[in-house]
Amino acid sequence: MRGTPRFLKETMTDRADSVGGATEDVYDAHRMQERWLPVWDELQPFRSGDPKDAREKMYVLDMFPYPSGDLHMGHAEAYALGDVVARYWVQRGFNVMHPIGWDAFGLPAENAAIKRGIDPSVWTYENIEQQKASMRRYACSFDWDRVLNTCDPEYYHWNQWIFLQMFKRGLAYRRASQVNWCPTDQTVLANEQVVNGLCERCDSPVTKKKLTQWYLRITDYAERLLDDMEQLEELWPEKVLLMQRNWIGRSTGAEVEFQIDGGVEPVTVYTTRPDTLFGATFFVVAADSDLAAELAEGSPAQDEFVSYLAEVQKTSEMDRLSTDRKKTGVFLHRYVINPVNGERLPIWASDYVLADYGTGAIMAVPAHDQRDLDFAREFDLPIRAVIAADEDPALTGVATSGDGVLMNSGPLDGLSKESAIERIVEILAENGQGEGATNYRLRDWLISRQRYWGTPIPIIHCSNCGEVPVPEQDLPVELPPAADLDLSPKGTSPLGAAAEWRNVTCPTCGGPGQRDADTMDTFVDSSWYFLRFLNPHLNDGPFDPAVAKEWMPVDQYVGGVTHAILHLLYARFFTKVLYDLGMVEFNEPFTRLLNQGMVVMNGSAMSKSRGNVVRLSDELAEHGVDAVRLSMVFAGPPEDDIDWADVSPAGAKRFLARAWRVARDVTSDPDADASTGDRPVRQATHRAIADAQQAVETFRFNVAVARTMELVNVLRKAIDSGAGPSDPAVREGAEAVALLLSLVAPYTAEDMWAELGHEPSVARAGWPSVDEELVRADAVTCVVQIKGKVRHRLEVDPDIAENELRELALNTAAAQSAIGDGEPQRVIVRAPRLVNIVP
RNA sequence: GCCCGGAUGGCGGAAUCGGUAGACGCACGAGGCUUAAACCCUCGGGUCGGUCAAACGGCGUGUGGGUUCGAGUCCCACUUCGGGCACCA
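Scoring rules and cut-offs
- Chains are numbered independently. Their residues run from 1 in the order of the written sequence.
- Lettering for chains starts from A, numbering for ligands starts from 1, and both go in the order in which the items are written.
- For a predicted model such as this one, the threshold for reporting local features is a pLDDT of at least 70, and the threshold for listing and counting side-chain atom pairs is 80 or more; totals across whole chains, interfaces and linings nevertheless cover every residue.
- In computing side-chain values, all of the structure's heavy atoms are included and hydrogens and water are not.
- Numbered from the N terminus, helices here are DSSP runs of H or I no shorter than four residues, and strands are runs of E no shorter than two.
- Should DSSP find at least two bridges between two strands, the strands are regarded as paired.
- Working convention: axes come from line fits to C-alpha atoms, limited for helices to the stretch in contact. Angles between N-to-C directions cover 0 to 180 degrees.
- Both cavities and pockets are sets of points on a 1 Å grid over the protein atoms alone; in a cavity a 1.4 Å probe fits but cannot get out, in a pocket the set is open with protein on both sides within 12 Å along at least five of seven lines, and lining residues sit with an atom within 4 Å of a point.
- Grid points are joined across faces, edges and corners, and a volume is the space filled by probe spheres set on the points.
- Nonpolar residues are Ala, Val, Leu, Ile, Met, Phe, Trp, Tyr, Cys and Pro. Charged residues are Asp, Glu, Lys and Arg, and all others, Gly as well, are polar.
- Pairing of aromatic rings covers Phe, Tyr and the six-membered ring of Trp, with a centre-to-centre limit of 6.5 Å; geometry is then stacked below 30 degrees between planes, edge-to-face above 60, and tilted otherwise.
- For each residue, the accessible area found with a 1.4 Å probe, counting protein chains only, is set against the maximum for its type, and the residue is called buried under 20%, exposed over 50%, and partly exposed in between.
- When at least one non-hydrogen atom of a residue lies within 4 Å of a molecule or strand, that residue is treated as near it.
- Two N or O atoms count as a polar contact when they lie within 3.5 Å, although within protein this holds only if one can serve as hydrogen donor and the other as acceptor, and sequence-adjacent residues are included solely when both atoms are side-chain atoms.
- Only heavy atoms matter for contacts: two residues are in contact if any of them lie within 4.5 Å across the pair.
- Roughly parallel refers to an angle under 35 degrees, roughly antiparallel to one over 145, roughly perpendicular to one between 65 and 115, and oblique to any angle outside these ranges.
- Just to be clear on terms, a salt bridge is a Lys or Arg side-chain nitrogen sitting within 4 Å of an Asp or Glu carboxyl oxygen.
- Working note: the arc is built from the helix axis to C-beta atom directions.
- Scored from 0 to 100, pLDDT records how confident the predictor is in each individual residue.

Asks: What is the right way to look at unusual backbone geometry in this model?
Replies: The phi torsion of most residues other than glycine is negative, and most of the peptide bonds are trans. For the bond from Leu 475 to Pro 476, the omega torsion is -5 degrees, close enough to zero to count as cis. When you line up the elements, Pro 476 lands in the loop between strand E20 (466-469) and helix H15 (499-502). Cis geometry marks the peptide bond from Met 552 to Pro 553, where omega comes out at -5 degrees. For Glu 234, which is not glycine, the phi dihedral falls at a positive 80 degrees.

Printed below as a string of structure tokens:
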């Protein structure tokens, strides 16, 4: 201990010498860290690239970090948990690949650059070096030969390459649409950057703006993204699968064609309730759709429509989301014809219909859809019920949307909802007026960003040839130096000002062209990085398909639930695209997924503004790496949040010191024959190993630690007042503790291993084998219940026969007094644990 | 509003299949070691009653009901906390 006065240290050393001659007598976490780090650097116990390695392969992956400053408590938890899994499988004899890299592109680097006038790359690489050093000290079992940074041209080269493959197949395309716009930062925002309608950076209300942007056609994969989740059942948290299902949002219904009165082209609507078609009393198109503008053109309502649209565009996202907002809209003085009954329905434009879902137009059935009803009541439009119900929606203001018998619906009258849907789809199909259809909530992925620090989009715009892909041999398109550019937000990409970089000749016609000035969303980077780890420096492709066949898919992925939707969905999408390109033979990238919770403080997320940030570096300095890691792992189930206020790294350290002293106290030789040792101690040891093994494999790491603690308690007692320090069973137990602890507290485990006379590294020493004979108890306690209440306890042989146990139980005084003279009504025997007597 | 998940001592949490509720730890208390303190070692504790202490008994896993010989675990209703989605037709 660093603060221990000198004279005390000497006293303790004297005592140690008199006991057994151990070189160190005090558990000193910092001494251990200094002692073992260089040894591990030398041994590289977690290198995984040897082609001659015969061990079975296992790919364990932690979500890679964004390099914003040094590691924090969240990292400490995530990497401690991932490390337990990786180190466990190494001990079990697997060839574990456990790589790490940096998700190094992104806005914080650019913000820091603007603020301090330095190059984003300088800030980024400095942080990476700092985090790398911290991870090394934190004893993460990473394979340091596989490090990658997504901001390296050798990495984003392949972002561009994959983008071009998608572009060639029509999966990457540019279109104009309404996007989230931050008026302060003058930039487009991704959906995930809009928090409660506010810009996550500057908190200004987000509005919509029509811009031409690049998209990836993830909606083409909606069906497969949904269906392939079957493979992940039981292997991914149910919660994540559910969130993904909801996000994709499949719905089934029908598309119905409506003729515009006096028009030529029909308009199609999507509805999940085609059975209510006879209840349609008006028609609504999204105010910001092209169709609305076309219909308004030349109509008496044109001026009104134009000012309404302007109003809608100005409306902040926050207001738009408010639930009790009044419905607004404009009557376009145009009509559509209801295909089933020929009725003329007035067409309205409103912002409650979304331009980018379905067809951007709906048939309104106010009696059976709350939104339509609200709108109808606002503008005095007719309401016609077509499903029988007790209440009249026109009077109550509450739409009846449940099941019921159809009425006022011609051929559908008297049918149930289900059969009416079936029937109407048949009728529409026969008349060529519609068909059954499926729709998804999922939208195409907007990937272009007006930012500097990202992957340039490898497209050249040419006035003759249009969008021309940069030839593959010219990749990567590297970022121009930041020094000459103004990175401050101004609504267009900073790259636009890099004239020399931007103006190029068109690869197709040789005429003047301009590079696309936008960069890619950083989620592109993380959508395939797990494949790049296989060959992080490969020059002629993103990865080697043959190597991918050996290692992929990732056996165990570990990361925060914050990425439950976006990152995991995008990575699954990319994997399916690569499958279609013939580059991989699997269609799901992550076989098993473990979501760890967050580290919070006093119930809320740590943040500077709350002033409740616990600094990892302080905790490490005070308690040592192992104690912090152990605290994280022992605090509770990995998927639950950890409240640091409830965690005791001091207690963890106390336990580690206790374990360490047990190893130090062992006096037998390393080759002592355990089978001659004390049987109860041996039983405790083997039971602890068996339980811990089971617990680790089911992610109950806290339980594995508890079993290790129990074993240490048994060993402490055995040494002090039982079998004694020379008993071989005590050595066997201490060695088991070192091996169990090697997953959680690598320094302590290594030091114990050395104290026990073994060579490093304990991390590769192998998992102790369990002797089943020792796991079985010699005697178990059997409870005798009378009507389900415990009245007596018996010590019995674990293999006792049911009859025998029954007799024993019936002969107890408790049973006798309960039964009296007669026969018991019922006796339930569950040998060897329980007998329940019902008198 | 819709969809999920949870609720166990002062606290974090354990508890395969419905079968001894509260493992392990934190905090706390008592004792031992020590001139003393810290460290360390041992012991204690759900709660109410009972007792010098114990034995022993009643109650007890958010609330109310149900199924069962037996429920923290299964079913129904509710309370409450947390998460996701949110005008998706």
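Picking up after the structure, the text goes on.
Asks: Any chance you could explain the sheet that holds strand E22 (residues 512-515) here in plain terms?
Replies: In sheet architecture, strand pairing relies on hydrogen bonds along the backbone and comes in two forms, parallel and antiparallel. On the basis of which strands lie adjacent, the open sheet formed by four strands has the order E20-E19-E22-E21 and antiparallel pairing. Looking at the sheet topology across the chains shown, the edges are occupied by E20 and strand E21 (503-505). Shown here is a sheet whose adjacent strand axes are inclined to one another by a mean of 40 degrees, direction ignored. By the bridge criterion, four bridges tie strand E19 (residues 459-462) to E20 in an arrangement that is antiparallel. Residue pairing in the sheet places Cys 462 in a bridge with Gly 466 of E20.

Asks: What is the right way to read empty space enclosed by the protein from this model?
Replies: Over the atoms rolls a probe the size of a water molecule, and in doing so it shows where empty space is left. Across all of its chains, the model carries four cavities of 30 Å³ or more by this definition. The volume enclosed by the largest cavity comes to roughly 140 Å³. Taken together, 17 residues line the largest cavity, and the ones lying closest to its centre are Glu 110, Arg 201, Gln 450, Leu 487 and Pro 489. By residue number, the principal contributor to the lining of the largest cavity is helix H4 (residues 107-116), which donates four residues. Here the lining of the largest cavity is built from residues that sort into five nonpolar, seven polar and five charged. The volume enclosed by the second largest cavity comes to roughly 100 Å³. Around the second largest cavity, the lining comprises 13 residues; the ones closest to its centre are Ala 704, Val 705, Leu 740, Leu 743 and Val 744.

Asks: Please clarify how the packing of aromatic side chains should be interpreted in this entry.
Replies: Geometrically, a pair of aromatic rings is defined through the distance of the ring centres and the angle of the planes. Enumeration over the complete set of coordinates arrives at 36 aromatic pairs. Here Tyr 88 and Trp 89 contribute two aromatic rings whose centre-to-centre distance is 4.9 Å and whose plane-to-plane angle is 75 degrees, an arrangement assigned as edge-to-face. Residue Tyr 88 shares its accessibility class with Trp 89, and that shared class is buried. Feature note: the residues Phe 282, Phe 331, Tyr 335, Trp 348, Tyr 352, Phe 375 and Phe 379 constitute an aromatic cluster, connected by ring pairs.

Asks: Looking at this structure, how should I read the protein's contact with RNA strand B?
Replies: Surrounding RNA strand B, one finds 52 residues, the nearest of these being Thr 272, Arg 325, Arg 371, Arg 443 and Asn 836. Between a base nitrogen of RNA strand B and a side-chain N or O atom of Arg 443, the distance comes to 2.4 Å. At 3.5 Å, a side-chain N or O of Lys 717 approaches a phosphate oxygen of RNA strand B. Ranked by residues supplied to the surface near RNA strand B, first place goes to helix H24 (residues 701-721) with eight residues.

Asks: Help me understand the packing of helix H21 (residues 625-634) against H24, please; the structure alone is not making it clear to me.
Replies: Describing two packed helices takes the angle between their axes plus the distance from one axis to the other. Their axes nearest at 7 Å, the elements H21 and H24 cross at an angle of 115 degrees. Between H21 and H24, the residues in contact are Leu 630, Val 633 and Phe 634 and Phe 701, Asn 702, Val 705, Ala 706 and Met 709, respectively. Looking at the contact of H21 with H24 residue by residue, the classes come out as seven nonpolar, one polar and no charged.

Asks: So what exactly am I meant to see when it comes to the sheet that holds strand E17 (residues 445-446) here?
Replies: The four strands are arranged E6-E5-E9-E17 in an open sheet whose pairing can be described as antiparallel. With one partner strand each, in any of the chains shown, strand E6 (187-189) and E17 form the two edges of the open sheet. Judged from the three bridges that link them, strand E5 (residues 172-182) and E6 form a sheet pairing that is antiparallel. Note that in E6 the partner of Cys 182 across the bridge is Thr 187. In the packing of helix H6 (residues 153-168) onto the sheet, the strands contacted are E5 and strand E9 (207-216), and the crossing angle to E9 comes to about 90 degrees.

Asks: Could you clarify how one ought to interpret the packing of helix H3 (residues 73-91) against H21 in this entry?
Replies: At a minimum axis separation of 9 Å, H3 and H21 run at an interaxial angle of 80 degrees. By the criterion of interaxial angle, the relationship of H3 to H21 is roughly perpendicular. Side by side, H3 and H21 meet where Met 73, Ala 76, Glu 77, Ala 80, Leu 81, Asp 83, Val 84 and Arg 87 of the first sit next to Arg 629, Met 632 and Val 633 of the second.

Asks: Would you mind showing me how to read the environment of Pro 366 here?
Replies: Here Pro 366 is to be found in the loop between strand E15 (361-364) and helix H12 (370-379). Under the relative-accessibility criterion, Pro 366 is labelled buried at 0%. Along the sequence, Pro 366 and Ser 401 sit 35 residues apart, while their C-alpha atoms lie 9.9 Å from each other. With sequence-adjacent residues up to four places away left out, Pro 366 is seen in contact with Gly 279, Thr 281, Phe 282, Asp 372, Leu 373, Ala 376, Pro 382, Ile 383 and Ala 399.

Asks: Just to check I follow, could you spell out the pattern of salt bridges for this structure?
Replies: Working definition: two side chains of opposite charge can pair if their charged atoms are close together. Applying the stated criterion across every chain, the model contains 42 salt bridges. The closest approach of N and O atoms between Arg 325 and Asp 351, which form a salt bridge, is 2.5 Å. Residue Arg 325 is found in the loop between helix H11 (317-321) and strand E13 (330-337), and its partner Asp 351 is found in the loop between strand E14 (344-350) and E15; the two are separated by 26 residues along the sequence. Looking at Asp 351, the relative accessible area reads 12%, which means it is buried. A salt bridge links Glu 426 to Arg 423; its shortest N-O distance comes to 2.8 Å. Separated by three residues within a single helix, Glu 426 and Arg 423 lie in helix H14 (residues 417-430), roughly one turn from each other. When its relative accessible area of 38% is taken as the criterion, Glu 426 is described as partly exposed.

Asks: Can you walk me through helix H28 (residues 802-810) in this structure?
Replies: Because an α-helix completes one turn every 3.6 residues, residues spaced three or four positions apart along the sequence face the same direction. All buried positions along H28 are accounted for by Leu 805, Ala 809 and Leu 810. Along H28, the residues classed as buried sweep out an arc of 130 degrees about the axis, all on the same side. Turning to H28, the residues buried within the fold contact strand E29 (780-786), strand E30 (789-796), helix H29 (813-819), strand E31 (826-830) and strand E32 (834-838).

Asks: Sorry, what's going on with the confidence of the model for chain A here?
Replies: Low-confidence regions, as indicated by low pLDDT, have predicted coordinates that should not be scrutinised in detail. Taken as a whole, chain A shows an average pLDDT of 91; of its residues, 96% reach a score of 70 or greater. Confidence over residues 1-23 falls short of pLDDT 50; this stretch has 16 contacts with residues more than four positions distant or in other chains. As scored by the predictor, the complex reaches a pTM of 0.93 and an ipTM of 0.95.

Asks: Before we go on, may I ask you to explain the pairing of strand E12 (residues 282-286) in this structure?
Replies: In the case of a regular strand, side chains alternate between the two sheet surfaces. Along E12, five of the five residues are buried, which leaves the element largely enclosed by surrounding structure. With burial as the criterion, each face of E12 is covered, one bearing Phe 282, Val 284 and Ala 286 and the other bearing Phe 283 and Val 285. Sheet topology note: the E12/E15 ladder contains four bridges and is antiparallel. Across the sheet, Phe 283 pairs through a bridge with Met 363, a residue of E15. Alignment of E12 against E14, held across four bridges, turns out to be parallel. Considered in E14, the bridge of Ala 286 is made with Ser 350.

Asks: What is the right way to read the environment of Gly 510 from this model?
Replies: As for its placement among the helices and strands, Gly 510 is situated in the loop between E21 and E22. Among the residues examined, Gly 510 registers a relative accessible area of 47% and is labelled partly exposed. Considered as a pair, Gly 510 and Arg 55 are 455 residues apart in the sequence and their alpha carbons are 54 Å apart.

Asks: Help me understand the environment of Ala 292, please; the structure alone is not making it clear to me.
Replies: Within the element layout of this structure, Ala 292 appears in helix H9 (residues 290-296). Each C-alpha atom, one on Ala 292 and one on Ser 419, is 34 Å from the other, the two residues being 127 residues apart in sequence. Ignoring anything within four residues of it in the chain, the contact list for Ala 292 reads Val 285, Ala 286, Ala 287, Phe 305, Leu 332 and Ala 349.

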